[in-house]
Amino acid sequence: MSTIAERKSPTEGIRRPDEMPVLRVDDLSVAYKVRDGEVEAVQDVSFEIYRGESFGVVGESGCGKSTVAWSIVNFLGANGYVKRGRILFQGQGLVGKDPEELRRLRGDQIAMVYQDPMQALNPSMRLGDQMAEVLTVHRGISRSEADKRCVQMLERVYMPDPKDVMGRYPHQISGGQQQRVVIAMALLNNPALLIMDEPTTALDVTVEAAVLDLIDELRHEFDTAILFISHNLGVVARVCNRVGVMYAGEMVERAPVTEIFANPSHPYTQGLIRCVPKLGADKSSSVLYPIRGRVPAPDKRPSGCGFSPRCDYIEERCRAEKPKLRPLGDALLADLHSVRCHFAEEIDPGAWTPPEDMEIPLLNGEKRAAETAAAETILQLDGLSKFYPVSGSSLKDMLGVGEKRQVKAVNGVSFDVPKGSTLGIVGESGCGKSTLIRTIIGLEESSGGQAQFLGVDITDDLADRSSEIIEELQMVFQNPDSTMNPSYTVGQQIGRPLRRFNKVNSRAEEQAEVIRLLNAVRLDGSYYDRLPRQLSGGEKQRVGIARALASRPELVLCDEPVSALDVSVQAAVLNLLMEVQAEYGTTMLFIAHDLSVVRFFSDSVAVMYLGQVMEIGPAEAIYAPPYHPYTEALLSAVPIPDPSAKQAHIRLEGNVPSPLNPPGGCPFHTRCPRRNLLPDNGAICAQEVPPWQQAAEGHRIFCHIPLETLAEFEPVIQQ
Amino acid sequence: MSNSERIHPLVLQAQDKLAAGRIDRREFLRYATLLGTSLTAATVLAACGQTADAPAAETAAEPAAPAEESAAADAPTEAPAGGIVRGGTLRRAMTLPLIDHPARFSWTQQANVARQIGEYLTLTGPDNITHPYLLESWEASDDVKTWTLNLRQGIKFNNGDELTADDVMFTFGQWLDESVGSSMLGLLSYLGGIDNVEKVDDYTIRLNLESANIGVPEHLFHYPAIILHRDFEGDYIKQPIGTGAFTLEEYAEGERAVLKARSDYWQMGEDGSPLPYLDEIIYVALDKDASVAALQSGQVDSMFQPRPVDWQALSAFPGVTVKAASTAQCFILRVRVDLEPWDDNRVRTALKMCQDREKILQLSYYGEGDLSIDAHVAPVHPAYAEKPIPAYDPEGAMALLEEYAAEKGVELPLKVTLATKNDESEPEIAAALKELALPGGFDITLDITEPGGYWDRWTEVDLGITSWTHRALDTMVLPLAYSEEAIGAWNETRWVDEEFDTLVRQAEGTLDVEARRELMSQIEDIMQDRGPIGNSYWKRVWNITSTAFHGIEAHPTDFDLLYEVWRDA
Amino acid sequence: MARFLLRSIISTFVTVLLVSIALFFLLEVGSGDITVKILGVFSTEEQRASYRAQLGLDAPPWQRYADWLIGNDWRAASYTGFPLVTEDNLQTGEAEWWADVNGELARWTMEDGELFMLTRQPDGSSNQEPAAADVWQIGENGEELFWGVDTKGNAVKWVRGAGEPVWVLTKAGLRQEGDGPRQYIPLRKGLVRLDPGKSLQTSRPVAVTLFPRVRNTLILAGVAFLVVMPLALLLGIIAGINEGKWIDRVISITSLGATATPEFVTGVFLILVFGIWLKWLPAVSVFLSSDAIFQDPKLIALPVLTLTAVELGYVARMTRASMVEVMDSAYIRTAIIKGMPYSRVVLRHAVRNALMAPITIIMLHVNWLIGGVVVVEVLFGFPGLGKYIYDAAIFGDFNAVEAAAMLTVTIAIATRLVGDLAYTFLNPRIRYA
Amino acid sequence: MSVVSSTANLRTNRPSRLQSWWSGVSIVFESRIATVGLAMVAFWFIVGIVSLFWTPYPPNANEFTQNLSPNSINILGTDHLGRDILSRLMTGTQVILLKTRLPGDAGIDIPGGVALWGVFFSLLVGAVLGLNAGYRGGWWDQSIMQVLDAMIAFPSIVLYLVIIAALGQGDLVVIVAIAVTGAPGVARLVRSLTLDIKTRDYIRAAETRGESVNFILFKEILPNARGPILVDAMLRVGYAIFAIGTLGFLGIGLPPPDPDWGNMVNEARRTIFVNQWAVVWPAVAIATLVIGLNLFADGLREELTRFQK
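All residue numbers refer to positions counted from 1 along the written sequence of the respective chain. Here chains are named by letter from A upward and ligands by number from 1 upward, in the order in which they appear as written. With the structure being a predicted model, the display of local features is reserved for residues of pLDDT at least 70 and the display and counting of side-chain atom pairs for 80 or more, all residues being used for whole-chain, interface and lining totals. Hydrogens are left out, water is left out, and the side-chain values use all remaining heavy atoms of the structure.

A.B. asks: Break down the overall build of chain B for me, citing the residues and quoting the values.
C.D. replies: Helix and strand content of chain B: 19 helices and 19 strands. Using a 1.4 Å probe on the protein chains alone, a residue whose accessible area is under 20% of its type maximum counts as buried, one over 50% counts as exposed, and one in between counts as partly exposed. For chain B, the residues scored as buried account for 63% of the 569 residues in total. The accessible surface values rely on the Shrake-Rupley method and a 1.4 Å probe; as for residues, cover is taken only from the protein chains in view. As presented, chain B carries roughly 19,400 Å² of accessible surface, and 49% of it is formed by carbon and sulfur atoms. Here a helix means four or more residues in a row that DSSP labels H or I, a strand means two or more in a row labelled E, and each is numbered from the N terminus.

Below is the structure:
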């Protein structure tokens, strides 16, 4: 089961010179007409994709990645158009092509899959109808024949029970299945080119891994050319042969995937790689370096090099002259590696040192670890549970005589959090991690178990808590766009908790304190009167952190505080959180679905599944054997931004069971890939609740499999 | 019987006056018929008394071929341009309330449907003159306390029974039966009960009044006074038995009434066959605005009770004929004399002086009325004594008010609130008065509510405009509205004047029109001098009907007299 | 889906109940003493009190509400001890209340302190004889009491030998009578049993006059609906898929103009042009017979046109907005990128989704249509429900207003339920929830 | 990301209240539709304000020949009573937009027209109900929605008729009627906005600060529902004007003596055969004001969506 996937060689799938590329994009510029003129969202982008090849486009949001994709299918909306350049599909120009001919190509020769499958499927049509029409319209196949092929294709994408799915509506299947349907639909006509725009972004990590496997497999099988767009370096590293890095509407670097990770030549590419935590890295041993500034809006791009305002190597020439995408030295890779930088050859990423003004947290990990060990326990959970009653849909239920059922969102969670430490909580969506912290902070009243914070019982909800407890427990939220109230200025929003908890006595005092907090999150006083809409995502998160810190809380709960941010900003916010923690000695609970980030940021980690903790322990212990089979599966699914790393291939089967009716015994037993290590194929797992096994000091595993066996597992990742 | 008619001695006196030119022909006719002289006889007498200036047509007073004016007393007919045509349907727009017992009617509309089926003992024509109808004649004793009613013979109900005194006795019995609850009961209170109604023979009934009353013939044409069949049980729709020219085909309350011509009606048409000329009458329930549009689009032929605004919309419309009738309907500007400042006659007089009658008439009624003095006696009333119309005199009013203000120490302009209802013309009168009274020293605030709101308090407001309906005789309204007994009922002004009262009582027992006019003259003077009301004009009412129809007239109380109406082929 | 439906139905019932409570209390309790209106301002407090008792207005509001809604014959029957039944008067055809005394239909009347029993004969007349002495029962304070049915459709309580003075309103004025009962329960079957009581205006049962009106209105509104909806949806869809083009502009501006012009203005001009100037169509709804609407369908042409002018614009605008939104959605993008022909994208993918939003709003909009019907009926003199409500409201005829308003509300709620069903049908997310 | 070691005095060029207000208002002028709509509405406001001080002739004075067509003396002609239509049209704006007449003999007017007050109260009631239903959920939501369902079930004209049958005529009754018929719509809108807004993290933040429910409703949620509510209010003022016109037409609207556009149509339609102008002008007035409000709302909505994106 635990096979280590062979990673691709640098030249695998790279172009065969005598062959015509499936897609060739030459100096493409796309412009949108806006009220006062027009903006060029994409400028001078060129690349080509050959059969069976997967070309990745990466970059932060707002860089024009999707625009490239839409321009290929000529779907730029009413106000967008291709301003310059050519798009050749199998040799024929697509720009200016007759709409009817273009229509015949779309869905037949060119297929596209994009983010958010639920939106992409027509909610009022059966899936079978939506799929079959691709065949009936393009190929004139009879409906029954089309249905047969659709079922076959659904089987190919490992859709369980495909016949049944054909008759369903989109809302009746899960997100991962929807994405499979979308992919199956795209592949029905065996297209020559498949465009995938962030196809896995909305999916959980284990599902994402399965979908990525699928894409990889299908590419080999159908010999399809794939244009793969993603913001996630790890994902690109996993599925692409070649990669183009886009920044501010331009392609700044283009190279085979191994080359780009091994030898990033453009300062932006280098920066991107530096600000993503490596899996296994932690804050005491490594540092994240954010890229300064932010991606400029399309109409505010600098005239010279697009990246120049954020570049550490900036010269006069960068401001004056726009660099061209040019091949980079090296004979072997000649023409394979291009970069848009005047000074690419001169820059040595290894010799890079952070500029003086960069936000890097003070690193005193060892000291802190020592402190933590001695520190008192600030939060103590013992069997904490949160159940939601659900009313069924039968007549009985409506009359109130049916069986009372409950969603066991959090089911008996126990752990201690020492003062000043960070506990990371990971798990897929629906595992109960959010409910857990909502219960801790009091947004929900707990249904059972004990919870003590600073020695005070906190099983009740906020309404029953004293304001002394409330001010000690604050929260940082996930979505920067919704963390701030759009109607109030930054100053008002940070000031509100100060007044609420009587931390200040006068307006002047309040203002001074707000400014102090702004400075603490590295924002200057000029932000005081700004409205949220005038801030970037990262700035909003900073304000959110400042607001949480205003009451000087003992414990801050961070609910995915960086997952909605671009990677460069993510690094900065993580750094800020660490710094704040160091300065204020705040304890943190940190939720994230990104295992690298949790590993990097947390002192200890809890892995949750179906409302229960599967494993808990010091961060470094969690990421190495012995670990819980579920932890192992999670780690194996994480996309690693390093094509050279070797990662075990462990995939979970089936869907997460409903928390309404969690499996008995070990909740993971229905999907556990390691059950076969136990006698009778793990019969005990279904019958008995597993024991907590103490693997080490503070490291507990909730599993029947003996520790010794668990310890024999190969590490998932080998660098 | 009709040939050997006993002529009341007063009629003969009146004939002298007519000859002397002291009363006009119309008054004589009214007077003569009032005393029970049949119309035929009266017109003959009139002709005799009026030798000099009577138009030729009027002298040829043949019952079979009534000439214009006299026929109008009997039934309204124009001189037909060609020959009269029989047949056709008249579609008339009118609301149609519930009909049960005619004696209980409270709406003209109910009576208008019922009067096509059943008929009255007397008839007050469009000129406000009452004459016998189902009666051959009536006779009043000299003290006006005994009235003998002589029924016309040979009249058949539409079920074939002949009309006799029994039917009339039965009908009187219904009116006077408390449990029926007819408004006739109150009207005939001077009769003193059913015991005073006496059947003399099959065609004669005698009324022995408890107190004298000259209004008996008019009261017998009061709209609930339809003569019923002796077997009538209480619902006219179930038992539409009457002597009228039409029979009831369908009555859908609030929707329509369909009436069909009867072939054996007792009156003969000009062509010698029984009336009516029309085959069918359909009343359709439409509100006024819809009626106007329906008339304009030719969906109906005629509309009931057009308002001034309807008159305005239709008067110039091609294809319709508009006829007018003067009435004693009016908008009384009245004050509460028991309240300040109206207890002071100078203030009352000042307010009256602020009426620019001509202007008010123009603004509120398009000039379609007869200017009035400030007394509740109308030119259409027989005993009206003509007086000059007072002029608009704001200076005079101001002078009076200044005197009053100086005495009472109040400031001018005098602030008063004028209440009225948002009905036909009241808001316009009120608005006009507000403007007109400002130079006269009044600052009027308007308090205009929907009609119901005003009727809830019409006797209580201190200054208001109240609409009063038409009454055929002058003596009918005065005791009703301006007497001691009427306080708490119809006396909205609380004005009681001893001298006035005496004169009114006297007038009520005075048959002699000339003598009564003497009294009326004084009454009018008193009201003008110190009375509680101002009155700018008397309304006219209209009949608006398609030009295809002939013989349809405006009636002061909007009664539909349709048996001689005919339409072009 | 069963759950959704059941919910809708229960909610509908609760809604109707709430509406009935609001209506009743607003009109009957909120508007003060109606006896003043009936008896006039000259009436005395004593007369009004007597009248209130006769009308049952002295009962507490909740009781009156219950009587109004579900009737009170069952309550009165518990006093009289006899079942109470209605029997049509053979003469007037209107229902009369009788007590069923051992198979015989009986009523009672008191004359000069003497109680008489009236027994109904097969020919519809009744036979009067003195009531048996044993009907009297001893009340709490020693009085001899009898609960029976009087001749005016009330269950009443007489006290032996002690008739109350009662005021009766006649056309001749108020009259006092003796021999009155002590307590009245004006019998009624209640709204839910289709007896909304008698009209104060005509003193006829409301139900009798209401029915033909409702029929006419349903025809008018139904025809208008059938004209408006397909046309409006079509125009909305055409405008929606051509967003920003001239055809969209034309449709949008026209429908905005039509929506912003009140129906009474449109109607007035339609009457002027088509009814009076051109004389093509009947200007007003003159019903020369009760079936005129079938004999001469042209009668409803102008009312329908008027309703159409206003409604069309609104629905078209809604549909357009919905269509624009749908055409902008990701699944339409998917369909286009799948290479579906434009017609297929519009018809198969867009229309159904685009209709979902307007359908519920259209069904809610039936309220608006009914409002428009009131205006149109008044304008055209159309003898329908709307004009009925209007006339009743102007007169202050509470029973009629209540019945007609309940009816319109019920129609409105029923159509909303239909809208919910249609939505359920169109929207699989609910159908297969 | 630059680090600035800053102090409070760095808070320079803080925008003044006026500036921030203007920056809010100026988005209206971004949209041509909204600008046109605003101009139409403003026109009537100005006409109304002018009419408070000046009209060509007194609006209720019947000084002229009846039913004149537009001419140099009576620019819009005269009506069936010989009143100047322009003067009446101008004055008619007042009761709708500018003043409300309190009942009683005192004749006291309060500023703000019947349409505005009616909509204001429907917003007030609707917002309170909608916020509570949306935010609190559960029983609150169910019972509030049930009551709203009942209210919304009344066809509005029928509700007007019922209210007027029960309470009689008057400015305040019309306000009540507008408020009652409008509140359910507002409440539904506010509820749906609240359901959306309450999922936002800043609401969680407020809750975790232990803020009271009312603070959350009125300080945290309501300000963010402003835009759509404002748009809705514009449309509602349009409906209200429409409704006032309809009531006036039915003869049960705003009481005299002030002219009422609907009633002007009603009166003039009787003589429409003689004089069409007297119907046309008030109809145009109602239509332009309603269209203006519609366009303004449409434009505003467009801009707000753009603005939020």
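A.B. asks: So, the pattern of salt bridges: which residues are in play, and what are the values?
C.D. replies: Throughout this description, the term salt bridge denotes a Lys or Arg side-chain nitrogen within 4 Å of a carboxyl oxygen of Asp or Glu. Scanning the model with the defined rule gives 99 salt bridges over all chains in all. A salt bridge links B:Asp202 to B:Lys199, with the shortest nitrogen-to-oxygen separation between them at 3.4 Å. When its relative accessible area of 39% is taken as the criterion, B:Asp202 is described as partly exposed. The class for B:Lys199 is partly exposed, based on a relative accessible area of 35%. One salt bridge connects B:Arg346 with B:Glu403, and the closest N-O pair in it is separated by 3.2 Å. Here B:Arg346, found in helix H12 (residues 345-353), pairs with B:Glu403, found in helix H14 (residues 394-408); they are 57 residues apart in sequence, far enough to count as distant. According to the relative accessible area criterion, B:Arg346 is buried, its value standing at 16%. The exposure class assigned to B:Glu403 is partly exposed, which follows from its relative accessible area of 45%. Among the ionic contacts, a cluster of salt bridges with common partners joins A:Glu38, A:Glu40, A:Asp44, A:Lys83 and A:Arg84.

A.B. asks: So what about the sheet that holds strand S25 (residues 692-696) of chain A? Which residues, and what values?
C.D. replies: The strands making up a sheet associate through backbone hydrogen bonding, with each pair oriented either parallel or antiparallel. All names here are of chain A. Here, strands pair whenever DSSP counts at least two bridges between them. Pairing is mixed across the open sheet formed by eight strands, whose spatial order is S19-S20-S21-S16-S22-S23-S26-S25. Looking along the sheet, the strands with just one partner apiece sit at the ends: strand S19 (473-476) and S25. The average angle at which neighbouring strand axes cross in this sheet is 20°, direction not considered. The pairing of strand S16 (residues 422-426) with strand S22 (residues 604-609) spans four bridges and is parallel. For Val426, the partnering residue across the bridge sits in S22 and is Val607. Should any heavy atoms of two residues lie within 4.5 Å, those residues are counted as being in contact. Helix axes are fitted to C-alpha atoms over the stretch in contact, other axes to C-alpha atoms as well, and angles between N-to-C directions run from 0 to 180 degrees. The sheet contacts of helix H24 (residues 629-637) involve S22 and strand S23 (612-618), and relative to S22 the element is tilted by about 100°.

A.B. asks: Give me the lowdown on the interface of chain B and chain D, citing residues and values where you can.
C.D. replies: Many descriptions give the size of an interface as the accessible area lost when the pieces come together. The interface is formed by 17 residues belonging to chain B together with 15 residues belonging to chain D. Around 1,700 Å² of area is buried between chain B and chain D when both sides are counted, 55% of it from carbon and sulfur atoms. When two components associate, each loses some accessible surface as probed by a 1.4 Å sphere; the sum of these losses over both components is called the buried area. If you sort the residues of chain B by the area they bury against chain D, B:Asp289, B:Gln312 and B:Leu363 come out on top, with a joint share of 27%. Counting the contacts that link chain B with chain D gives one salt bridge. Residue B:Asp289 is joined to D:Arg269 by a salt bridge in which the shortest nitrogen-to-oxygen separation is 3.2 Å.

A.B. asks: If you had to explain the interface of chain D and chain C to someone new, which residues and values would you point to?
C.D. replies: Taken together, the contact pairs 40 residues of chain D with 47 residues of chain C. Carbon and sulfur atoms make up 78% of the surface buried where chain D meets chain C, a total of about 3,800 Å² over both sides. Here chain D and chain C share one salt bridge between them. In this structure, D:Asp298 and C:Arg317 form a salt bridge, with 3.7 Å as the shortest nitrogen-oxygen distance.

A.B. asks: Outline the confidence of the model for chain B, listing residues and values.
C.D. replies: Residue and element names in this part refer to chain B. Mean pLDDT over chain B: 83, with 86% of residues reaching 70 or higher. Confidence of the predictor in every single residue is expressed as pLDDT, which spans 0 to 100. Contacts for the low-pLDDT stretch residues 1-6, under 50 throughout, to residues beyond four places or in other chains number nine contacts. Contacts from residues 49-81, a stretch scored under 50 in pLDDT, to residues over four places away or in other chains number 45 contacts. The complex model carries a pTM of 0.81, and its ipTM stands at 0.79.

A.B. asks: I'd like to hear about the side chain of B:His229, residue by residue, with values.
C.D. replies: Residue placement: B:His229 occurs in the loop between helix H9 (216-219) and strand S8 (246-252). Beyond its immediate stretch of four places on either side in the chain, B:His229 contacts B:Phe157, B:Asn159, B:Asp161, B:Asp167, B:Phe170 and B:Ile241.

A.B. asks: Explain the sheet that holds strand S6 (residues 92-93) of chain A residue by residue, including any values.
C.D. replies: Residue and element names in this part refer to chain A. Strand order in the open sheet made by the four strands is S3-S2-S5-S6, with antiparallel pairing throughout. Edge positions in the sheet fall to strand S3 (37-49) and S6, since each of these pairs with one other strand and no more. Taken together, the eight bridges between strand S2 (residues 23-34) and strand S5 (residues 80-89) define a ladder with antiparallel strand orientation. The partner of Ser29 across the bridge, within S5, is Arg84.

A.B. asks: If you had to explain the packing of helix H8 (residues 263-277) of chain C against helix H10 (residues 301-327) of chain C to someone new, which residues and values would you point to?
C.D. replies: All names here are of chain C. Axis separation between H8 and H10 bottoms out at 9 Å; the angle between their running directions is 140°. In terms of orientation, H8 lies oblique with respect to H10. H8 and H10 meet at a crossing whose hand is right-handed. Only Leu302, Leu305, Thr306, Ala309 and Val310 of H10 make contact with H8, whose side of the interface consists of Glu263, Thr266, Gly267, Leu270, Ile271, Phe274 and Gly275. Under the scheme applied, nonpolar residues are Ala, Val, Leu, Ile, Met, Phe, Trp, Tyr, Cys and Pro; charged residues are Asp, Glu, Lys and Arg; polar residues are all the others, including Gly. When the residues that make up the contact of H8 with H10 are grouped by side-chain class, the tally is seven nonpolar, four polar and one charged. In this scheme, roughly parallel covers angles under 35 degrees and roughly antiparallel covers those over 145, while 65 to 115 is roughly perpendicular and the rest are oblique. Two helices that cross are described as forming a left-handed crossing if the nearer one is turned anticlockwise from the farther one by less than a right angle, and a right-handed crossing if clockwise.

A.B. asks: Hey, could you go over helix H9 (residues 201-208) of chain D for me, with residue numbers and the actual values?
C.D. replies: Residues and elements named next belong to chain D. For H9, the buried fraction is high: eight of the eight residues fall into the buried class. Every buried residue belonging to H9 is among Asp201, Tyr202, Ile203, Arg204, Ala205, Ala206, Glu207 and Thr208, and all of these are buried. Where H9 ends, the next residue or the one after it, Gly210, has phi of about 75°, a positive value.

A.B. asks: Quick rundown of the packing of aromatic side chains? Include the residues and the values.
C.D. replies: Two rings belonging to Phe, Tyr or Trp (six-membered ring only in the last case) form a pair when the distance between their centres is within 6.5 Å. Interplanar angles under 30 degrees mark stacking, angles over 60 mark edge-to-face geometry, and anything in between is tilted. In the structure shown here, the tally under the stated rule is 50 aromatic pairs over all chains. Where B:Tyr265 meets B:Trp266, the ring centres are 5.7 Å apart and the plane angle is 55°; that geometry is what we call tilted. Classification of B:Tyr265 by relative accessible area gives buried; the value is 1%. Feature note: the residues B:Trp311, B:Phe331, B:Tyr365, B:Tyr366, B:Tyr537 and B:Trp542 constitute an aromatic cluster, connected by ring pairs. The ring of A:Phe343 carries A:Arg317 above its face, with NZ or CZ at 5.8 Å from the centroid. Between A:Lys408 and the ring centre of A:Phe387, over which it is positioned, the NZ or CZ distance is 5.8 Å. Over a ring means this: the NZ of a Lys or the CZ of an Arg is within 6 Å of the ring centre and within 35 degrees of the ring normal.

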